[in-house]
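Reading the structure
Here's the letter readout for the chains.
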Amino acid sequence: MNPYYYYPGLVQQSADPYAGYSYVSPQEEYGGSRQPSALERRIEVLERENERQVRELTRLSREITRINQEINRLNREINRLNQNDERHTRRLNRLNQRLRTVENRLSIPFAAIEDGF
């Protein structure tokens, strides 16, 4: 038994505890035609500058990625050319050895000149 004779089922309560309050935006509070303060203008300028810098950083990042891909492609081409050069160098060395063998069998005197022939 409740000593205060309070019956919770009889009291009407609002479902929204903030029903008595309303939101008023800062522009409505001071009038829609008010000029923004110097701080607000500075914030807008900084936000635009920040957006511009983000766009520039994104562009530079894409450019760096593109350049890195080009560098990787060039490195692969250099490796391919180096392997080809090594293959031809080994072939020339084998041919020179065979030539020396033939010159020795035929008793052809060897005289090195500028080009090694």
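One can find the structure itself at the top, above this paragraph.
Structure report, in brief. Residue numbers restart at each chain and count upward from 1, following the sequence in its written direction. Predicted model: local features are reported for residues with pLDDT of at least 70 only, side-chain atom pairs are reported and counted for 80 or more only, and whole-chain, interface and lining totals are derived from all residues. Hydrogens and waters are ignored; side-chain quantities use all the structure's heavy atoms.

Segments assigned H or I by DSSP are reported as helices when at least four residues long, segments assigned E as strands when at least two residues long, and all are numbered from the N terminus. Summing up its helical and strand segments, the protein has 2 helices and 0 strands in all. Under the scheme applied here, a residue whose accessible area is under 20% of the maximum for its type counts as buried, over 50% as exposed, and between as partly exposed, the area being computed with a 1.4 Å probe on protein chains only. Taken over 117 residues, the protein has a buried fraction of 2%. In the structure as shown, the protein presents an accessible area of about 11,600 Å², 54% of it carried by carbon and sulfur atoms. Only the protein chains shown count as cover for residues, with accessible areas throughout obtained via the Shrake-Rupley method and a probe of 1.4 Å.

The next thing to look at is unusual backbone geometry. A positive phi angle, near 55°, is found at Ser107, a position not held by glycine. Tracing the backbone through its elements, the reader meets Ser107 in the segment after α2 (38-105). Residue class for Ser107 comes out exposed when judged on its relative accessible area of 61%.

Our next topic: α2. Here α2 contains 68 residues, and its C-alpha end-to-end distance of 98 Å stays within 8% of the 100 Å for a straight helix at 1.5 Å per residue. A positive backbone phi angle near 55° is found at Ser107, which sits one or two residues after α2. A helix is expected to reach a length of 1.5 Å times the quantity of its residues less one.

Turning our attention to a nonpolar patch on the surface. Note that patches include only residues with greater than 30% relative accessible area and no salt bridge, and the join distances are 9 Å for like charges and 5 Å for nonpolar side chains (Val, Leu, Ile, Met, Phe, Trp, Tyr). Definition used for salt bridges: Asp or Glu carboxyl oxygen within 4 Å of a side-chain nitrogen of Lys or Arg. Together, Val102, Leu106 and Ile108 give the surface a local cluster of nonpolar side chains, amounting to about 270 Å² of exposed area. Structurally, the position occupied by Val102 is in helix α2.

With that settled, consider the pattern of salt bridges. Pairs can form between side chains of opposite charge whenever their charged atoms are close. What the rule picks out here adds up to 5 salt bridges. Close ionic contact of Glu63 with Arg66 constitutes a salt bridge, the shortest N to O distance being 2.8 Å. With Glu63 and Arg66 both in helix α2, this residue pair falls 3 residues apart, about one helical turn. Its relative accessible area of 31% is what places Glu63 among the partly exposed residues. Judged by relative accessible area, which is 45%, Arg66 ranks as partly exposed. Linking Arg73 and Glu70 is a salt bridge whose minimum nitrogen-to-oxygen distance equals 2.8 Å.

The subject of this paragraph is a positive patch on the surface. Note that His is not counted, nor are the chain ends; the positive residues are Lys and Arg, and the negative ones are Asp and Glu. To locate a charge, take atom NZ for lysine, CZ for arginine, CG for aspartate or CD for glutamate. Taken together, the side chains of Arg87, Arg90, Arg91, Arg94 and Arg98 make up a positively charged region of the molecular surface. Relative to the helices and strands, Arg90 is located in helix α2. Arg90 sits in the partly exposed class, given a relative accessible area of 45%.

By the secondary structure assignment, Glu103 is in helix α2. Buried charge without a salt bridge: Glu103, with Arg100 as the nearest opposite-charge side chain at an N-O distance of 4.0 Å. Once residues within four sequence positions are removed from consideration, Glu103 is found in contact with Ile108 and Phe110. Residue contacts follow a heavy-atom distance rule, with two residues in contact if any of their heavy atoms lie within 4.5 Å.

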